[in-house]
Amino acid sequence: MSIQAENQQGMFHVSYCITQKISGQTHLGSATLRLNLVVNGPDKTVNGVGNVYQATNPPVNVISHLNGEWSYLSNDSANHVLIVLDGFDLSTIQFGGQPMESKNLTLKIAISEDWQTGSASFNYLYEGEWYEVEYALVELQEREETLNLDAVSSYTGFHKPSI
């Protein structure tokens, strides 16, 4: 699909890296979440893939199929974008010939109106136990391919609520 077709349909691709940072430095030993998302502007839905990893012994590696919604979060001084996602792992267990989904990630992101940076908190399931990561920094990741962030900004700028 061409970038022009993406603009007409209001669909955008964004990639983020979410890490805990203290004074600008990555918090050693904390989990990192990488996201590749497709944002549907008109429907206000978000779908994609997430990967939580952590350099521990044994290393954490949680892969999730994500779906959720985005909306505006406004206050007196600025607009932000709120993204709420749930992640599911496709199990090897089948029910009626279909793989069963099991929830393995919940995520909330408050991101700047230009979709560049923000903060997040997320919970992930690893080996039967839920872990929580709070106060994490969200950063847009540049890809080798062209990332049409101008289209995201243009679309959301045109459709944002007035304050």
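Being a predicted model, the structure only gives us computed values, none of them experimental. (Residues numbered from 1 in each chain as written. Predicted model: local features only at pLDDT ≥ 70, side-chain atom pairs only at ≥ 80, totals over all residues. Heavy atoms only, no water.)

(A) Local environment of the pairing of strand 1 (residues 11-22). With eight bridges connecting them, strand 1 and strand 3 (residues 32-40) associate as antiparallel partners. Each residue of the ladder has a partner; that of Ser15, found in strand 3, is Asn36. Relative to strand 9 (residues 129-140), strand 1 runs antiparallel, the two sharing five bridges. Bridging across to strand 9, Gln20 finds its partner in Ala136. (Pairing = 2+ DSSP bridges. Helix = DSSP H or I, 4+ residues; strand = E, 2+ residues; numbered from the N terminus.)

(B) Examining the packing of aromatic side chains more closely. A complete count under the given rule lists four aromatic pairs for this structure. Ring geometry for Trp70 against Trp115: centres 5.5 Å apart, planes inclined by 70°, an arrangement best described as edge-to-face. Residue Trp70 is found in strand 5 (residues 60-74), and its partner Trp115 is found in the loop between strand 7 (98-112) and strand 8 (117-126); the two are separated by 45 residues along the sequence. Aromatic pair Phe122 and Tyr124: ring centres 6.2 Å apart, planes at 35°, arrangement tilted. The class of Phe122 is buried, set by a relative accessible area of 2%. Judged by its relative accessible area of 3%, Tyr124 is buried. One aromatic cluster is present, built from ring pairs that chain together Trp70, Tyr72 and Trp115. (Phe/Tyr/Trp six-rings, centres within 6.5 Å; stacked < 30°, edge-to-face > 60°. Buried < 20%, exposed > 50% of the residue type's maximum accessible area, 1.4 Å probe, protein only.)

(C) Looking closely at the pairing of strand 5. Pairing of strand 4 (residues 45-54) with strand 5 involves 10 bridges; the strand directions are antiparallel. Paired with Gln54 across the strands is Val60, a residue of strand 5. Count of turn residues in the strand 4/strand 5 antiparallel hairpin: five residues.

(D) A look at unusual backbone geometry. Even without glycine at this site, Glu127 takes up a positive phi of about 50°. If you trace the backbone, Glu127 turns up in the loop between strand 8 and strand 9. With phi around 55°, Tyr135 is a residue other than glycine that occupies positive phi space.

(E) Quick peek at the environment of Gln20. Residue position: Gln20 is located in strand 1. C-alpha separation for the pair Gln20 and Ala120, spaced 100 residues apart in sequence, amounts to 9.2 Å. Among the polar contacts made by the side chain of Gln20, one reaches the main-chain carbonyl oxygen of Glu134 at a distance of 2.8 Å. (Polar contact = N/O pair within 3.5 Å; in protein donor to acceptor, adjacent residues only side chain to side chain.)

(F) Structural detail: the nonpolar core. Of all hydrophobic cores here, the largest spans 32 residues; its most connected members are Ile18, Phe122 and Tyr124. If you list the elements that add at least two residues to this core, you get strand 1, strand 3, strand 4, strand 5, strand 6 (79-95), strand 7, strand 8 and strand 9. Once residues within four sequence positions are removed from consideration, Phe122 is found in contact with Ile18, Ala31, Leu33, Val52, Leu105, Thr106, Leu107, Tyr131, Glu132 and Val133. (Core = buried A, V, L, I, M, F, W, Y, C linked by side-chain atoms within 4.5 Å. Contact = heavy atoms within 4.5 Å.)

(G) Quick peek at the side chain of Ser112. Along the chain, Ser112 falls in strand 7. Owing to a relative accessible area of 18%, Ser112 belongs among the buried residues under this scheme. Engagement of the side chain of Ser112 in a polar contact is seen with the backbone nitrogen of Gln116, the distance being 3.3 Å. Apart from residues no more than four positions distant in its own chain, Ser112 is found in contact with His80, Val81 and Thr117.

Fair warning: the whole summary comes from geometry, so function is off the table for now.
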